[in-house]
Amino acid sequence: MPDLTPVTASSMAALIDQHAAALEAQVIAWRRDLHQHPELGNREFRTAGIVADHLRALGLDEVRTGVAHTGVVGLLKGALPGPVVALRADMDGLPVTEEVDLPFASKARGQWNGEEVGVMHACGHDCHVAILMGVAQVLAGLRGQLRGSVKFIFQPAEEMPPAGEDGGAKMMVAEGALEKPVPQAIFGLHVSSRQTVGTVGYRPGPTMASSDYMKITVHGSQTHGAAPWLGVDPIVTAAQVVLGLQTVVARGIDITEEPAVVSLGIIRGGVRENIIPESVEMRGTIRTFNEAMRDDIHERVTTLAESISRGSRAGCTVCITKNYPVTINDPALTEAMLPTLRRVVGSEGLRLAPKVTGSEDFSFFQRVVPGLFVFLGVSAPGVDAKKAAPNHSPRFRVDESGLLLGVRTLAHLSCDYLESQAR
Ligand SMILES: [Zn+2]
Ligand SMILES: [Zn+2]
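It should be emphasised that the depicted structure is a prediction, and the values quoted were computed from it without experimental measurement.

1. A short note on the environment of P381
- Here P381 lies in the loop between β18 (371-379) and α10 (403-422).
- By relative accessible area, which is 54% here, P381 ends up exposed.
- Here the alpha-carbon distance between P381 and G198, two residues 183 residues apart in the chain, equals 9.0 Å.
- Once residues within four sequence positions are removed from consideration, P381 is found in contact with T196, V197 and D399.

2. Examining the sheet that holds β18
- Taken in spatial order, the 8 strands make up an open sheet running β1-β2-β6-β3-β7-β18-β8-β17, and their pairing is mixed. Looking at which strands have only one partner, the edges of the open sheet turn out to be β1 (62-67) and β17 (350-352). Put simply, the sheet's adjacent strands are angled 25 degrees from each other on average, direction ignored.
- The pairing of strand β8 (residues 200-202) with β18 spans 2 bridges and is antiparallel. If you follow V200 over to β18, its bridge partner there is L376.

3. Comments concerning the pairing of strand β2 (residues 71-77)
- Across the 7 residues of β2, 6 count as buried, placing the element largely inside the fold.
- Alignment of β1 against β2, held across 4 bridges, turns out to be antiparallel. The residue of β2 that forms the bridge with E62 is L75.
- Between the antiparallel neighbours β1 and β2 lie 3 residues, among them A68 with a positive phi of about 50 degrees.

4. Some remarks on the coordination of the zinc ion (ligand 1)
- Around the zinc ion (ligand 1), the protein contributes the donor atoms C123 (SG), E159 (OE), E159 (OE) and H392 (NE2), which lie 2.0 to 2.8 Å from the metal centre.
- In this structure, the zinc ion (ligand 1) is surrounded by 4 donor atoms whose angles at the metal cover 51 to 148 degrees, and the resulting shape is irregular.
- Counting gaps between the donor residues of the zinc ion (ligand 1) yields the pattern C-x35-E-x232-H.
- Metal-to-metal, the separation of the zinc ion (ligand 1) and the zinc ion (ligand 2) is 3.0 Å; C123 coordinates the two. With C123 in the loop between β5 (115-118) and α4 (125-141) and H392 in the loop between β18 and α10, this residue pair connects regions lying 269 residues apart in the sequence.

5. Looking at the sheet that holds strand β10 (residues 210-219)
- Within the open sheet, the 4 strands sit side by side as β12-β14-β10-β15. Their pairing is antiparallel. Either end of the sheet is taken by a strand with one partner, and the two such strands are β12 (260-268) and β15 (315-324). Strand-to-strand twist of the sheet, defined as the mean angle between neighbouring strand axes without regard to direction, takes the value 20 degrees.
- The sheet contact formed by β12 and strand β14 (residues 279-288) spans 8 bridges and is antiparallel. Residue pairing in the sheet places A260 in a bridge with T288 of β14.
- Along the sheet, helix α7 (residues 291-311) contacts β10, β12, β14 and β15; its crossing angle with β15, the most-contacted strand, is approximately 165 degrees.

Scoring rules and cut-offs
Residues numbered from 1 in each chain as written. Chains lettered and ligands numbered in written order. Predicted model: local features only at pLDDT ≥ 70, side-chain atom pairs only at ≥ 80, totals over all residues. Heavy atoms only, no water. Helix = DSSP H or I, 4+ residues; strand = E, 2+ residues; numbered from the N terminus. Buried < 20%, exposed > 50% of the residue type's maximum accessible area, 1.4 Å probe, protein only. Contact = heavy atoms within 4.5 Å. Pairing = 2+ DSSP bridges. Axes fitted to C-alpha atoms, helices over the stretch in contact; angles between N-to-C directions. Donors = N, O, S within 2.8 Å, 3.2 Å for Na, K, Ca; no water. Tetrahedral: all angles 85-135°; square planar, octahedral: opposite > 155°, others 65-115°.

Next up, the structure:
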């Protein structure tokens, strides 16, 4: 990566603020329309169409569609020579039935893994799309002064594709979203109910956790509940495995280095009170902030579950699937962009964000190019953000007065970066 000294305001700074402010009502209108018409992962057909039409109408130099199913990648070449920076927004909604009383509340229904569900932008990806459409319009309007190029990445299925499908950031990378041209840096943001409007949270280094799926099956030997000695009881064994898993982090991990979480969300076994079943299945999630710790925990979970089962004469199958890597904000890039964040957000609004045990597939982009992912406050002033309905809740509510800061943040980050690297 090129040398990164703290960047200074681009020559376009004042114009960016003017153009962004003039676009605020439009960004809110886009967001409301997207909010009313949410689409599930890999099904963002309408959303992608709106995005692609908008980018074409702005006269972008390239607009690629159908990337990783419904993804859209636009390229805006500035009039002046310079490097390439990428900006990313995710587009998918969630299988959640909206409970917010709004004129543009979602009534959409969809199919999710074979079930009919309500669909809602309960994670605020509607805001991300509207903000990035706004940034594209601001920068396209200033392309005569723009140094270098900006790549706009609109990504499907951040919340995981439907079962049996590929998708999301990993697939966009595989399909060349970060090639031709290769960006030198990537920026992204996520709206947060945990922060009030007017605030931006940032964190250098590990920021959001890796997220891995675990499935443990204990294989016993089915018998009558009245005669357990005639079989092998997978329920009692599973109970010991559940308790054993609590020691993986508590007794095995240096928590002064990084935190980690091992949680089970499903335990299933048996059909009748007087039958000891053949097997018990458990499913859960593993969250870490360090790739070495991630592998270590996987190994510990596997060994522990297998050993406990062996001690009970039961069999055990452990299957752990790596989903999203740790979201790591490049420390040098974060440091270099801090003056921009301070200037755009103001020192009262800018804060060092705590680590988040949620995960983000923005991490797949950061594996390829240095990236910075920040959190944008969308809780209404006067509401205790700690008590606000969180992202993914059917009552998740966005105060739209926070969106303009999102447009300004991404526009200034990209222009300041491009000018500093072109020098
Ligand atoms: Zn989410
Ligand atoms: Zn999200």
